[in-house]
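# Examining the three-dimensional arrangement
In case you want the letters, here they are:
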Amino acid sequence: MDATDKKILNLLQANAKQNTKEIAGQIKLTISPTFERIKKLEQQGVIKAYVAILDRTKIGKSLMAHCQISLFKHSKELILNFRKEVAKLPEIIRCHHVSGNYDFLLEVVVSDMNEYQRFVVEKLSTVEGISNIQSSFVMEEIKEGFAYPL
């Protein structure tokens, strides 16, 4: 990946709706090589997807929680099952396998505390192998970034 590829990626991270002609003009290349570079970045998996980033409060998801999950034991079977089960839960928008005092960190978005309580009791707590769930609630988002520094 060279400096031109990085410029393209920065432009797409800022606004993925730009067309190839607009990007080409900003990086001082013609349309054809710009198109080829973008295609190559997609094929290599550097560009994974193009998405719309929504304002969660405007779609009724005003409560965000971070759940720290501990498993009973660290077995391959339990970890794989946990991964499979949390992937099915749309309220979980991010899941990280982490080191430290707990095993997984989940980012959960729901409409309110009642929905969160139902989510924990009816969905999350039914996942086999969980020994502990601790929740922290986001009071204010100070920085919300989606672009990686290049």
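I will try to describe carefully the structure that is included in this document. Nothing here was measured: the structure is a model prediction, and the numbers come from that model. (Residues numbered from 1 in each chain as written. Predicted model: local features only at pLDDT ≥ 70, side-chain atom pairs only at ≥ 80, totals over all residues. Heavy atoms only, no water.)

The side chains of a regular strand alternate between the sheet's two faces. Across the seven residues that make up strand β3 (residues 104–110), a large majority, six, are buried. Relative to β3, strand β2 (residues 92–97) is paired through five bridges, and the arrangement is antiparallel. Bridging across to β3, C95 finds its partner in L106. The antiparallel hairpin formed by β2 and β3 contains six residues in its connecting segment, where G100 sits at a positive phi of about 120°. (Buried < 20%, exposed > 50% of the residue type's maximum accessible area, 1.4 Å probe, protein only. Helix = DSSP H or I, 4+ residues; strand = E, 2+ residues; numbered from the N terminus. Pairing = 2+ DSSP bridges.)

Within strand β1 (residues 63–71), eight of the nine residues are buried, leaving the element largely enclosed by the surrounding structure. Pairing of β1 with β3, which is carried by seven bridges, proceeds in the antiparallel orientation. Paired with M64 across the bridge in β3 is V109. Examined bridge by bridge, β1 and strand β4 (residues 130–137) share seven bridges and lie antiparallel to one another. Residue pairing across strands places Q68 opposite Q134, the latter belonging to β4.

Read across the sheet, four strands follow the order β2-β3-β1-β4 without closing on themselves; strand pairing throughout is antiparallel. Bordering the open sheet on either side are β2 and β4, each of which pairs with just one other strand. Neighbour-to-neighbour, the strand axes of the sheet open up by a mean angle of 20°, direction not taken into account. Along the sheet, helix α4 (residues 76–87) contacts β1, β2, β3 and β4; its crossing angle with β2, the most-contacted strand, is approximately 165°. (Axes fitted to C-alpha atoms, helices over the stretch in contact; angles between N-to-C directions. Contact = heavy atoms within 4.5 Å.)

Applying the stated criterion across every chain yields a total of three aromatic pairs. Summarising the aromatic geometry, the rings of Y116 and F119 are spaced 6.2 Å apart at their centres and angled 40° between planes, so their arrangement reads as tilted. Highlighted residues: Y116 and F119, both in helix α5 (residues 113–123), separated by three residues, approximately one helical turn. Across the pair, exposure class does not vary: Y116 and F119 are buried alike. Each member of the aromatic cluster is reached from another via a ring pair, and the members are Y116, F119 and F137. (Phe/Tyr/Trp six-rings, centres within 6.5 Å; stacked < 30°, edge-to-face > 60°.)

So, about the pattern of salt bridges. Tallying each qualifying case throughout the model produces nine salt bridges. Close ionic contact of K61 with E115 constitutes a salt bridge, the shortest N to O distance being 3.9 Å. With K61 in the loop between α3 (31–43) and β1 and E115 in helix α5, this residue pair connects regions lying 54 residues apart in the sequence. In this structure, E85 engages K88 in a salt bridge whose closest nitrogen and oxygen atoms are separated by 3.2 Å. Exposure remark for E85: the relative accessible area of 22% places this residue in the partly exposed category. (Salt bridge = Lys/Arg side-chain N within 4 Å of Asp/Glu carboxyl O.)

Turning our eyes to something else, we now look at the nonpolar core. The biggest cluster of nonpolar side chains holds 21 residues, and the ones touching the most others in it are I69, L71, F82, L106, V108, Y116 and F119. Every element with two or more residues in this core is listed here: β1, α4, β3 and α5. Of all the elements, β1 adds the most residues to this core, at five residues. Ignoring anything within four residues of it in the chain, the contact list for L106 reads A65, H66, C67, I69, F82, I92, R94, C95 and L124. In terms of nonpolar packing, the next biggest core, distinct from the first, is built from nine residues, I8, L11, I38 and I47 among them. (Core = buried A, V, L, I, M, F, W, Y, C linked by side-chain atoms within 4.5 Å.)

The next point concerns the side chain of R56. Tracing the backbone through its elements, the reader meets R56 in the loop between α3 and β1. When neighbours within four sequence positions are excluded, R56 is seen to be in contact with K61, S62, L63, M64, V109 and E141.

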